[in-house]
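Structure assessment
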Amino acid sequence: MGEFDYIIVGAGSAGCVLAERLSADRSKRVLLLEAGGSDRRFRIRMPIGYGRTFHDPAVNWRYTTEPDPGLGGRAAYWPRGKVVGGSSSINAMVYCRGLPGDYDDWRDAGNPGWGWTDVEPVFRSFERRIRRDGSQHGDGPLWVSDREPEYHPIKRHFYAAARELGLPVVDDLDGSAPEGGIGAYAVNTRKGLRCSAADAFLRPALARSNLVLAIHARVERVAIRGCRAVGVDYVQGGRRRQATARGEVVLCAGAVNTPQLLQLSGIGPGDLLQRLGIPVVHANAAVGGGLQDHLGISYFYRATEPTLNQVLGTWPGRLAAGLRYLLTRSGPLSLGVNQLGGLVRTSPGASRPNTQLYFNPVSYSIEHAGKRPLLKPDPYPGFIIGFNTCRPTSVGRIDIASPEPERPPRITPNYLSTDRDIEDVIASARLIGRIQETEAMRALVADRPVFDPARASDEEILADFRARSGSVFHACGTCRMAPESAGGVVDGELRVHGIRALRVVDASVFPNITSANTHAPTLMVAHKAARLIAAG
Ligand SMILES: Cc1cc2nc3c(=O)[nH]c(=O)nc-3n(C[C@H](O)[C@H](O)[C@H](O)COP(=O)(O)OP(=O)(O)OC[C@H]3O[C@@H](n4cnc5c(N)ncnc54)[C@H](O)[C@@H]3O)c2cc1C
C-alpha cells in the first residue's frame, strides 16, 4: 500500500474524526484501514434500523463475554460496529456529553488538559445543535437534534412523575454546565437520517486525494522496529499487506480491538504474551485492564393508553410509519426508542447524579432468540422505565486468547464486583419504584409489572438485576490514559507508554467511564487528539 504520514486503524467514531482532521493538512498522506465494509445500507441510514444491525454479522463483530459471576454466570452480548462509521453506524444515536465531574476525574487521574473547562470548548467545536424550535446553535459537522416535540405523547406522564418527586426537569441535558435532570435525549440525526461519525466527518473528507480509505482491511499487528512503530501488517481480500508510517500509527479500533492489537504486537502483560509465544516489545499489564461498562436493566409496564407497540408491533402501524418515513423522513422510524431519561441522584445527598434513566414508549418483555427485542414489541400497549448506574467502579479485562489475530479476545467484564455498584443498583431500582408509584405514573400503568421494584426486597432487586441486566455497550478504559506508574497505557497526549510514534485514540483511553453514553466523549477525545498529533 506504500508509505503514509499517518496510518489510522479503524474507521469508527474516533477514526472518522481523525481521518478528517489529519488529512485537512494536504501535505500529509493519511491511510485509514477498516476491517468492515461500506456503511451505505438502508438499515444504517434509517434511525430505527439499529434494531436490525444489532445482530447483523455483515456490520457487527458480535462479541460475547466470558460467563460473568456478577450476572449469575451469564455471558453478555456485546455488539460492536464492524463497518465504516464503527459503532456510530449501529448505535442508538443518543448524544450526551456526560457530567463536568467526569472530566475533572480524568484530569485528576494524572492527565493535565483533560478537565471539564479544557474539554467543553472541544465538544462545542464539532457540534451543530438543532433545538426543538428548529433554531441552530453551532456550526460543527455533527448534528445533535432535539426531537422532543416528535416523541410519543405518553412522555407527559413521565415529566409529571419527575416533577411530583421533585426531580429537576431540564430542556437540555447537555446545558453549558450540566448538573443532571430529566429531559429528552438529543440524537445524532440529520433530516431524518442517522448522522454517524462517517456521515459527519469522514464522508466530506474522502474527496481529498491525500486521504485513502481501505475497507475490508483487517490489521493484524503494528510493525515495531526498536521501540518505534513503523507501520502495520494487515489482510485485505485474503492477501497479506503492509503499510509504512513516516509519522505515526494511530489505533482507533475501539475498546475491544485496540488492546487486542497492542497485545498481538507485543505490548501487554509480559506473562500472557510469553505464554502465547509473542515476543515482548514492552511489558505493561495495564494493556487490556481498566475495562468499564454500563450495565442496564428494563422494567416493563402495561399501559392504559396506546404506545409505540401499536405502531411498531402491528402491520398497519408499520406500513403507515414506513410510508410516512419514505415520504417525509419523519415519524417513529426517524427516531430512536430511548426518548426521555436523564441523569439523577437516587438520594438528595448524593454528590453527583448517580443513575441514568430511560423512558421508552415501547415494551418487549417477551424474548426472541437472536432477534433484537425492539423488533418484536408486546401485543398490548406497554412501555419501559430502565436505568444504568452512572459510574460503576467494577473493573474488568480484555486479553487475547490466542496469537491468531482472527480469534476474538477474551472479555472478562467483572460486572457488579464492588459493594458500591451493588448499592447503586438497589438505590436506582428503588427510585424507579418511586416513579412508578407517583400519581402521574399510576394513571399510565395498567397492571403491576411482572417484576415490581416498588415491592421487591433489596435481595430480590439484586437477584433480578443479576438475572436480567445487560451491557448498554459502553465499553471503555482498556488502554487507560494515565502515567504508566498509575496503571496507564497511554500518556496525556495519548502516546503509548514505552513506544514511539504510536498512539491510541478511541474509547479505550477513558481513564474512567463517563456518567452517560460514550459516543460524545469518544468524539471529543478524537478532536483533542487530532490537535495533539498535528502539534507533533
Ligand atoms: C449497539 C450499540 C448501541 C450504542 N448506543 C449508544 C448511544 O445511543 N449513545 C452513545 O453515546 N453511545 C452508544 N454506543 C456506544 C458508542 O457507539 C461507542 O462508545 C463509540 O462508538 C466507540 O467509538 P470507538 O471509536 O471507540 O470504536 P468504534 O466506533 O467501535 O470503532 C472501531 C472501528 O475499528 C474497526 N476495527 C476493529 N479492529 C480492527 C482491525 N483489526 N483492523 C481494522 N479495523 C478494525 C471496527 O470495525 C470499527 O469500525 C452504542 C454502542 C453499540 C454497539
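Basis of the calculations
- Residues numbered from 1 in each chain as written.
- Predicted model: local features only at pLDDT ≥ 70, side-chain atom pairs only at ≥ 80, totals over all residues.
- Heavy atoms only, no water.
- Near = heavy atom within 4 Å.
- Polar contact = N/O pair within 3.5 Å; in protein donor to acceptor, adjacent residues only side chain to side chain.
- Areas by Shrake-Rupley, 256 points an atom, 1.4 Å probe, with all protein chains shown as cover.
- Helix = DSSP H or I, 4+ residues; strand = E, 2+ residues; numbered from the N terminus.
- Nonpolar A, V, L, I, M, F, W, Y, C, P; charged D, E, K, R; others polar.
- Buried < 20%, exposed > 50% of the residue type's maximum accessible area, 1.4 Å probe, protein only.
- Pairing = 2+ DSSP bridges.
- Contact = heavy atoms within 4.5 Å.
- Axes fitted to C-alpha atoms, helices over the stretch in contact; angles between N-to-C directions.
- Salt bridge = Lys/Arg side-chain N within 4 Å of Asp/Glu carboxyl O.
- Patch = residues over 30% accessible without salt bridge, like charges linked within 9 Å, V, L, I, M, F, W, Y side chains within 5 Å.
- Phe/Tyr/Trp six-rings, centres within 6.5 Å; stacked < 30°, edge-to-face > 60°.
- Lys NZ or Arg CZ within 6 Å of the ring centre and 35° of its normal.
- UniProt positions renumbered as here; feature names shortened; annotations may be inferred.
- Core = buried A, V, L, I, M, F, W, Y, C linked by side-chain atoms within 4.5 Å.
- Disulfide = S-S within 2.5 Å.

Around the ligand, the surrounding shell holds 39 residues, and the nearest of these are Ser13, Glu34, Val94, Thr518 and His519. Separating a nitrogen atom of the ligand from a backbone N or O atom of Ala35 is a distance of 3.1 Å. One of the side-chain N or O atoms of Asn91 is found 3.1 Å from an oxygen atom in the ligand. The fraction of the free accessible surface of the ligand (1000 Å²) that becomes covered by protein chains is 98%. Taken together, the elements giving at least two residues each to the shell around the ligand come down to helix H1 (13-23), strand S14 (217-225), helix H8 (254-264) and helix H15 (519-534). Partitioned by chemical class, the residues of the shell around the ligand number 19 nonpolar, 15 polar and five charged.

With that out of the way, let us pick up the pairing of strand S20 (residues 340-344). A large share of S20 lies buried, amounting to five of its five residues. Burial along S20 is two-sided: Leu340, Gly342 and Val344 facing one way and Gly341 and Leu343 facing the other are all buried. Strand direction decides the pairing type here: strand S9 (residues 181-184) and S20, joined by four bridges, are antiparallel. The residue of S20 that forms the bridge with Gly183 is Gly341. In the sheet, S20 pairs with strand S21 (residues 355-360) via five bridges, with the strands oriented antiparallel. Bridged to Gly341 within S21 is Tyr358.

Here we take up the sheet that holds S20. If you walk across this open sheet you meet the six strands as S9-S20-S21-S22-S19-S25, and the pairing is antiparallel. Because the sheet does not close on itself, it has two edges, and the strands there are S9 and strand S25 (470-471). Here S21 runs beside strand S22 (residues 382-389); their pairing, made up of six bridges, is antiparallel. By the bridge assignment for S22, Tyr358 is matched with Gly386. Sheet strands in contact with helix H14 (residues 458-468) are strand S19 (295-302), S22 and S25, and its direction is about 105° off that of S19.

Before going further, it helps to examine the pattern of salt bridges. Applying the stated rule across the entire model yields 38 salt bridges. What you see here is one network of salt bridges that share partners, running through Arg97, Glu120, Arg124, Glu127, Arg129 and Asp174.

The grouping of Phe42, Leu319, Leu323, Leu326 and Leu327 at the surface amounts to a nonpolar patch, some 580 Å² of accessible area in total. The leading source of residues in the nonpolar patch is helix H11 (residues 315-328), at four residues. Structurally, Leu327 is set in helix H11.

On to the packing of aromatic side chains, then. This model, assessed by the stated rule, comprises 20 aromatic pairs. A ring pair is formed by Trp61 and Tyr63, whose centres lie 5.9 Å apart and whose planes are at 5°; its orientation type is stacked. Aromatic side chains Phe123 and Phe126 sit 6.2 Å apart centroid to centroid with 45° between the ring planes, which places their arrangement in the tilted category. One end of the pair, Phe123, and the other, Phe126, are both in helix H5 (residues 116-126), three residues apart, so they sit about a helical turn from each other. Classification of Phe123 by relative accessible area gives buried; the value is 0%. The structure contains a cluster of three or more aromatic residues connected by ring pairs, namely Tyr103, Trp106, Trp114, Trp116, Phe123, Phe126, Phe201 and Phe510. The ring of Trp61 is capped by Lys82, whose NZ or CZ atom sits 4.4 Å from the centre of that ring. For Arg302, the ring lying beneath its charged end belongs to Tyr380, and the centroid distance is 3.6 Å.

Turning our eyes to something else, we now look at the UniProt feature "domain: Glucose-methanol-choline oxidoreductase N-terminal" (unreviewed entry) in the chain. Following the UniProt record, one finds the feature "domain: Glucose-methanol-choline oxidoreductase N-terminal" (unreviewed entry) at residues 81-104 and 254-268. Taken end to end, residues 81-104 comprises 21% helix and 8% strand; its first and last C-alpha atoms sit 29 Å apart. Taken end to end, residues 254-268 is 73% helix and 13% strand, and its first and last C-alpha atoms sit 16 Å apart.

Take the nonpolar core next. Judged by nonpolar contacts, the single largest core of 81 residues is most densely connected at Leu18, Leu262, Leu502, Val505 and Met524. In terms of residues, this core owes the most to one element, H15, which gives nine residues. Sequence-distant contacts of Leu262, that is, excluding residues within four places in its chain, are made with Leu251, Ile267, Val287, Cys479, Val489, Val496, Leu502 and Val504. Counting 64 residues, the second largest nonpolar core, distinct from the first, contains Leu71, Trp78, Ala429 and Phe451.

Quick look at the state of the cysteines now. Counted according to the given criterion, the structure contains zero disulfides. Here Cys16 stays free of any disulfide, with the sulfur of Cys252 as its closest cysteine sulfur at 9.2 Å. Cys16 sits in the buried class, given a relative accessible area of 0%. In this structure Cys227 is a free cysteine whose sulfur lies 17 Å from that of Cys479, the closest cysteine sulfur available. Its relative accessible area of 39% is what places Cys227 among the partly exposed residues.

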